[in-house]
Amino acid sequence: MNNAIIIQSLSKSYGDVEALKNISIDIKTGEIFGFIGSDGAGKTTLFRILTSLMIPDHGTAEVIGFDVVKDYKELRKNLGYMPGQFSLYQDLTVKENLNFFAGIFKTSIAENYHLIEDIYKQIEPFKNRRAGKLSGGMKQKLALSCALIHKPKVLFLDEPTTGVDVVSRAEFWEILKSLKQQGITIVVSTPYMDEAALCDRVALIQKGAILTIDTPENIVSNFHEPIYAVKAENRHKLFEDISKFEATKSAYWFGENMHWIPKENFDEKSLENYFNMLNYNNIYIQKISASIEDVFMELMIK
Amino acid sequence: MKGFIIKEFLQIFRDYRSMAILFGIPIAQIMLFGFALNMDLNNAHIAILDRAKDAYSIEFSNKIASSKYFILDQNIQSEKGIEASFRKGKIKEVIIIPKDFTKKLMNGEGADIQVIADASDPNTASILVNYTRAIATDFQQSMQQNLKEIPIIIPQIRYRYNESLKSVYMFVPGIFTIILMLVSAMMTSISIAREKELGTMEILLVSPIKPVQIIMGKVLPYVMLSFINATVILVLSYFVFGMPFNGSITLLLTEGLLFIVMSLALGIFISTVSNSQQTAMLLSMFALLLPTILLSGFIFPIENMPVILQWISNIMPSKWFIIIVKDIMLKGANFMDVWKETLIIISMTLFFIVLSIKKFNIRLSEN
Amino acid sequence: METAVRVVNLVKKFGNFVANDNLNFEVSKGEVFGFLGANGAGKTTAIKILCGLSKPTSGTVQVAGFDAYHQSEKIKQNIGYMSQKFSLYDDLTIKENIRFYGGIYGLSSKFIKQKTDEYITQLQLEQYQKRFVKDLPLGIKQKLAFSVANIHNPSIIFLDEPTSGVDPITRRQFWDLIYAEAHKGKTIFVSTHYMDEAEYCDRITIMVDGKIAALGTPNNLKRDYKANNISEIFLLLARGIKSENH
């Protein structure tokens, strides 16, 4: 079986709001596939359909060979799911939560301990603490342990890192990489564009539609517009002036720099001239390669 | 399943506030109803119109007047006096003893005494009438020892088995019912709604666990807790209020268990239609508590209700359970006496179980 | 320069646990001050104290010229607050929310009405006017929440992870709003998990285990730590130290 997940022209509406618009994707067995998009893009709806929690209006989806509507019983035995909202029992301890989830999947912690060992070791010192009292990063790790305890073939993680600090996020992604080594297909969604680079392939999703599907490298290299990082002393003035410039196709903040994409037939020379005309000193202009976030924003505008 | 039940218990015991409510409220309620809301009336002013003025009629009048419930305010001489004495407002009840009272009793014909009560306060009126009836019965029985013929005083006596006329006897079955119903239904419906609110239901749904297992896992702990509650109430009512136990305790507890299961099924049904703890709570309060109090015959006698409400009271499970409890505790009824009511509750239980398993969504609702 | 927030030797303890361990910093009027730190590093505790919701165990805390021990009510009148978790009532419409928050601060209904129209035009909310807030896209909701937190014209605005989960374009529009207010002389105190947003701040502080581990302008910090970006500094400071021992 080459494809773990086959999604064909999936649509779903709530009243007059179209949450998913005719989506088709194949996800390969054993890959980390990321859905990158902001809140309200339709990621959660898609995950709920793929985990058999919702029925699509149109289209079909097959997860590890099981139809998400017809074969939901078999499917549920083989998938792990971590919803966006922290969904463990806050009044139970770490250990009790894990025991409980092992129990409802008719397995035990001992049986699949090797799968969760790396993660569980990190939270083991707190095993008698109530889940509600854990910090954000710890909660995510516990939730992941609970989702893994029955050795699922495919793992759905809905925004596992939202609201989690950079350190915990980095640790979380390291864990996902090691899970991939175990042959588990991982489908993950995130609003953090920088996490896209950590996936094997990603789909950029916006307002229920897929903007593009590819490896992070290809998405970036297929972006052909020139892009420049620009820096000046007075940030506010820089932003105002560059927005007014006739050659500007788009300009936006990106960390300490502005990213500037010129209209056709313009390049850094034209920008330099413009700044000279406005008597700027110490201006920094550097051609750079686009990041996923740059591509995403350009695709969003289209 | 086992894991589910363990988890449920852990959660219940960790929530101190709910625990306090679960066990504290029943005790508080039974004390409250038992002592504070004691509806016994003492020293009600009455009048007697004695048309017979013979030996037994005088004895009967004296018996009424000497009871602690009544004060004989005046002896009326004619029918006209009745209206007048009621108008003054002080007199709550007039008893009319017919001519030839003694003769009728001796002949075994049956003597009609007429009881007219001031029904502007229907509750008081019905209580007073019941007292009068009870005294009449008492009188009748005391006569029996002296006479060969069996004397009969009409009207019918309703509270034949509650001779001392203590209202706590009427309240205990009612409170027993309400508490079992409320605790069972409200706690289960809230605990399922909580899983929906916290999102844990999502994880349970994507696991292979079956709806039946989720429901049973939720129900069993509360069956146990409610059963403990039931026992506490019965023990309290026996030792504190001297409530009689004329029937089989095993039968009573078995019926109690049945009623608990019915209430839990109802609770699960409520949770399937509510998405938040708040909705579940309000639904339990208004859909269960109020009708149980108002329509089950607990406070307002069903016979006094309009016909439509009487019909509606038939679909109140609590009405049937109160009958069962009263019959077993006060009359010492055995299973053959209450099988009809039991059957009604069993069918209601099955109805709610089937309904809630059907309604229990295997997927997320979409709003 | 005028000082908006002054914190000297701030300590906050919960039992034996020290949530804020001797914090010292000043924020000037009109500054955009970034407050970074791992989950559980003590950011929320500090923000609560600065907002007058919680009293410090010891140390001096002055916000908008008022003392956090005795004048917390004064502080509350002079600050605006918005967080990612809760900002507006989902089951009220835009207008109802604005009216509610305006009412809390005792603003006249005429003024509230004027502000409502202003926000609706400024944030282009015309098409959403009749909708409940829960039906708004998150980005729009957060922009509105920011405006509402500003309705009583406070001198300091506290923003607790205002852009979590918001799309990249709206996120930048949100920062435009922040700059516009800072330009008018408002002090902005903001926490975020987006490290690129840390670069947008005039100065940032990184908290680790209840202490301030770094404080300065993004450029100075990058120079001092020889780092390419704030994310690297953050990882350097927070990693290796167990962030979970509270």
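Being a predicted model, the structure only gives us computed values, none of them experimental.

Points about the overall build of chain A
Regarding its fold elements, chain A presents 10 helices and 14 strands. In terms of its C-alpha atoms, chain A occupies a principal-axis envelope of roughly 75 × 45 × 35 Å. Burial status across chain A gives 56% buried among its 302 residues. Within chain A, counting contacts between residues at least 6 apart in sequence, those at least 24 apart form 68% of the total. When the accessible surface of chain A is totalled, it reaches about 12400 Å², and 46% of it is carbon and sulfur. Across chain A, the mean location of the 34 positive side-chain charges is 6 Å away from that of the 39 negative side-chain charges.

A closer look at the interface of chain C and chain A
Taken together, the 32 residues of chain C in the interface contact 34 residues of chain A. If you look at where chain C meets chain A, you find three salt bridges. Put simply, Lys222 of chain C and Glu256 of chain A hold a salt bridge, and the shortest N to O gap is 2.6 Å. The interface formed by chain C and chain A includes seven residue pairs in polar contact (both at pLDDT 80 or more).

Some details on the pattern of salt bridges
Applying the stated rule across the entire model yields 36 salt bridges over all chains. Asp241 of chain A is the salt-bridge partner of Lys244 of chain A, the closest N and O atoms lying 3.9 Å from each other. In this pair, Lys244 of chain A and Asp241 of chain A both sit in helix H8 (residues 235–244), three residues apart, roughly one turn of the helix. A relative accessible area of 7% means that Asp241 of chain A is categorised as buried. With a closest N to O distance of 2.7 Å, Glu293 of chain A and Arg171 of chain C form a salt bridge.

Things to note about the nonpolar core
The biggest cluster of nonpolar side chains holds 157 residues, and the ones touching the most others in it are Ile5, Phe35, Leu144, Phe156 and Leu179 of chain A. Broken down by element, the residue count for this core peaks at 16 residues, all from helix H7 (residues 168–198) of chain B. Those residues within four positions of Phe156 of chain A in sequence are excluded, and the remaining contacts are Ile5, Phe47, Leu50, Thr51, Val63, Leu79, Gly80, Tyr81, Met82 and Val187 of chain A. Val32, Leu88, Leu144 and Trp175 of chain C belong to the second-largest nonpolar core, a separate cluster that totals 64 residues.

Focus on the domain arrangement of chain A
Many analyses report the size of an interface as the accessible area lost when the parts associate. Residue and element names in this part refer to chain A. Segmentation of chain A into domains returns domain 1 (3–221) and domain 2 (227–301). The distance between the C-alpha centroids of domain 1 and domain 2 comes to 37 Å. Taken residue by residue, the interface counts 12 residues in domain 1 and eight residues in domain 2. Approximately 890 Å² of surface area, both sides summed, lies buried where domain 1 meets domain 2, with 85% of it carried by carbon and sulfur atoms. Of all residues in domain 1, the largest losses of buried area upon contact with domain 2 belong to Met193, Leu211 and Val220, amounting jointly to 56% of the total for that side. Run the count over domain 1 and domain 2 and you get zero salt bridges. Between domain 1 and domain 2 we count zero residue pairs in polar contact (both at pLDDT 80 or more) in total. Sorting the residues of the side of domain 1 that touches domain 2 by element identifies strand S9 (201–206), strand S10 (209–214) and helix H7 (216–221) as the ones contributing at least two each. Class assignment for the residues of the side of domain 1 that touches domain 2 results in nine nonpolar, three polar and no charged.

Regarding the packing of aromatic side chains
Inspection of every chain in the model, using the stated rule, returns 40 aromatic pairs over all chains. Residues Phe245 of chain A and Tyr274 of chain A carry aromatic rings whose centres are separated by 4.0 Å and whose planes lie at 15° to one another, so their mutual orientation is stacked. Of this pair, Phe245 of chain A sits in the loop between H8 and strand S12 (248–254) while Tyr274 of chain A sits in helix H9 (residues 268–277); the two residues are 29 residues apart in sequence, bridging distant segments of the chain. Judged by its relative accessible area of 8%, Phe245 of chain A is buried. We classify Tyr274 of chain A as buried; its relative accessible area is 12%. Their ring planes at 80° and their centres at 6.3 Å tell us that Tyr56 of chain B and Phe139 of chain B sit as a pair that is edge-to-face. With Tyr56 of chain B in helix H3 (residues 55–66) and Phe139 of chain B in helix H6 (residues 122–144), this pair connects stretches of sequence that are 83 residues apart. The burial state of Tyr56 of chain B is the same as that of Phe139 of chain B; both residues are buried. Members of the aromatic cluster, joined through ring pairs, are Tyr228, Phe245, Trp260, Tyr274, Phe275 and Tyr280 of chain A.

Quick word on the sheet that holds strand S2 (residues 17–28) of chain A
All names here are of chain A. Strand order in the open sheet made by the four strands is S2-S1-S4-S5, with antiparallel pairing throughout. Edge positions in the sheet fall to S2 and strand S5 (66–67), since each has one partner strand and no second. Both strand S4 (residues 58–63) and S5 contribute to a ladder of two bridges, which runs antiparallel. Along S5, the bridge assignment pairs Glu62 with Asp67. Along the sheet, helix H1 (residues 43–50) makes contact with strand S1 (3–14), S2 and S4, crossing S1 at roughly 120°.

Regarding the pairing of S4 of chain A
Residues and elements named next belong to chain A. Sheet topology note: the S1/S4 ladder contains five bridges and is antiparallel. When the bridges of S4 are listed, Ile7 appears paired with Ala61. Hairpin connection between S4 and S5: a loop of two residues separates the two successive antiparallel strands, and Ile64 in this loop has a positive phi of roughly 35°.

Rules and cut-offs
In every chain, residue numbers begin from 1 and rise along the written sequence. Just so you know, chain letters begin at A and ligand numbers begin at 1, following the order they were written in. Only residues with pLDDT of 70 or above have their local features reported here, since the model is predicted, and side-chain atom pairs are shown and tallied only from 80 upward, although totals for entire chains, interfaces and linings are computed over all residues. Where side-chain values are given, they derive from all heavy atoms of the structure, hydrogens and water being excluded. Only DSSP runs of H or I with at least four residues qualify as helices, and only runs of E with at least two residues qualify as strands; both kinds are numbered from the N terminus onward. Partly exposed describes any residue whose relative accessible area lies between the buried limit of under 20% and the exposed limit of over 50%, with all areas from a 1.4 Å probe on protein chains only and scaled to the type maximum. Here, two residues are considered to be in contact whenever any of their heavy atoms come within 4.5 Å of each other. Each accessible area is a Shrake-Rupley estimate made with a 1.4 Å probe; only the visible protein chains count as cover when residues are assessed. In this tally, Lys and Arg are treated as positive and Asp and Glu as negative; His is ignored, and so are the chain termini. We put the charge of a Lys on NZ, of an Arg on CZ, of an Asp on CG and of a Glu on CD. One speaks of a salt bridge when a side-chain nitrogen belonging to Lys or Arg is within 4 Å of a carboxyl oxygen belonging to Asp or Glu. Whenever two N or O atoms come within 3.5 Å, that pair is a polar contact, provided that in protein one can donate a hydrogen and the other can accept it, and provided that, for residues adjacent in sequence, both atoms are side-chain atoms. Among buried residues, the Ala, Val, Leu, Ile, Met, Phe, Trp, Tyr and Cys ones that are joined through side-chain atoms within 4.5 Å form a nonpolar core. Where each domain starts and ends comes from a domain assignment, either automatic or drawn from a database. Two parts placed together each lose some accessible area under a 1.4 Å probe, and the buried area is that loss summed for both. Only Asp, Glu, Lys and Arg are considered charged in this grouping, and only Ala, Val, Leu, Ile, Met, Phe, Trp, Tyr, Cys and Pro are considered nonpolar; every other residue, Gly among them, is considered polar. The pairing test for Phe, Tyr and Trp rings, Trp by its six-membered ring, is centres within 6.5 Å, and the orientation test on the planes gives stacked under 30 degrees, edge-to-face over 60, and tilted for anything in between. Two strands are said to pair when DSSP picks up at least two bridges between them. What counts as an axis is a line fitted to C-alpha atoms, over the stretch in contact for a helix, and the angles between N-to-C directions run from 0 to 180 degrees.

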